[in-house]
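# Overview (structure and organization)
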Amino acid sequence: MTVAFLILAHSNAGQLRRLVDRLSGPGAATFVHLDRKAERAPFVDALASSTALLLPEQESLRTFWGGASLVRATLKMLQLALADPDVDRLCLLSGACYPARPLASILASLEPSGQQHLYIAHRFSPGSTTGIDRFYAYRHRSDSRLFNHRTGIKPLRVAFSLVSNLVPRTYLPDFPIYHGSTWWALDRRAAEYVIDFAGRRPDILRWFDGAMLVEEAFFGSVLRNSPFASEIVCDYVAGVPLGANPNRHGVHYVDWSQSTDASPKVLTIDDLEPVIRSDALFVRKVDPQLSASLMDALDGQG
């Protein structure tokens, strides 16, 4: 069995190299998509002697927070990884993720087939324009630098929202939308289904172009509406698993309890014990400086 680790990166080349090194070994393959907006040279240098495959610059996309560009970048890595017939599992990470266990333990935990490690927390309600539903009820331009929720020019973004909010969008009648976590671990059958679906239903991804938080909904929605729905491990919409650790999002430990800017807590050494108790395979979110002691401690786990 080979597990393909797919990494979306845009900053901190040194931290990316540390992550790649921790994921290097027999039974593992690593693929990296670098945001085309990032300066490429530091990442090329950082990964030069590593085992990671950095997607060529001509294959890289300009990606934006909350946009469908992140989904398209992930699909590119998926297709590349699935070209290797030995790949049985695929795990999506970012450069701000880090292994919570040794590689051998991660590979062993991902070995059983028939489990799709997705975190699904919410089903969007047609007609609702409140809470998280508003990210899909109204039109957004997340893949535009000028109008993106984080990078956009505020007066332009506000003006666009005022106009777009006048006419709520029409939901896809045959495709309920589910929201959860961006990060997942799938077996080959489910990953191949996603690629096939994206080819058969380009209209779905085009519809997502007008939404926000697309990367947190596309893969979960595709698989929740598929024959693999019953294999999803962290499906809170379905009521399972009961009593689960609230910080377990699929195979990740993520702490949203102190979120103030639509980002999870940056984990530190103070989070080591909760991380270990969670039995998660990865932690998110780490910072090269603030999380250095935590990563050192995780590296020392037997």
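As shown above, the structure is provided for reference.
Residues numbered from 1 in each chain as written. Predicted model: local features only at pLDDT ≥ 70, side-chain atom pairs only at ≥ 80, totals over all residues. Heavy atoms only, no water.

Before going further, it helps to examine the overall build of the protein. Along the protein, the regular secondary structure elements total 11 helices and 12 strands. The C-alpha radius of gyration computed for the protein amounts to 19 Å, which stays within 12% of the reference 19 Å derived for 302 residues, consistent with globular compactness. Dimensions of the protein, computed from the C-alpha atoms along their principal axes, are close to 55 × 40 × 40 Å. By the burial criterion, 53% of the 302 residues in the protein qualify as buried. (Helix = DSSP H or I, 4+ residues; strand = E, 2+ residues; numbered from the N terminus. Rg over C-alpha atoms; globule rule 2.2 N^0.38 Å. Buried < 20%, exposed > 50% of the residue type's maximum accessible area, 1.4 Å probe, protein only.)

Moving on, we come to the environment of glutamine 258. Take glutamine 258: it is sitting in the loop between strand 11 (252-254) and helix 10 (272-278). Glutamine 258 sits 41 residues away from alanine 217 along the chain, and the two C-alpha atoms are 22 Å apart.

Summarising burial for strand 4 (residues 87-94): 7 of the 8 residues are buried, a large majority. Sheet topology places strand 1 (residues 2-9) next to strand 4; 7 bridges connect them, and they run parallel. Among the inter-strand pairings, phenylalanine 5 is bridged to a residue of strand 4, identified as cysteine 91. Summarising the sheet, strand 4 and strand 8 (residues 185-187) pair through 3 bridges and their orientation is antiparallel. The partner of leucine 90 across the bridge, within strand 8, is leucine 186. (Pairing = 2+ DSSP bridges.)

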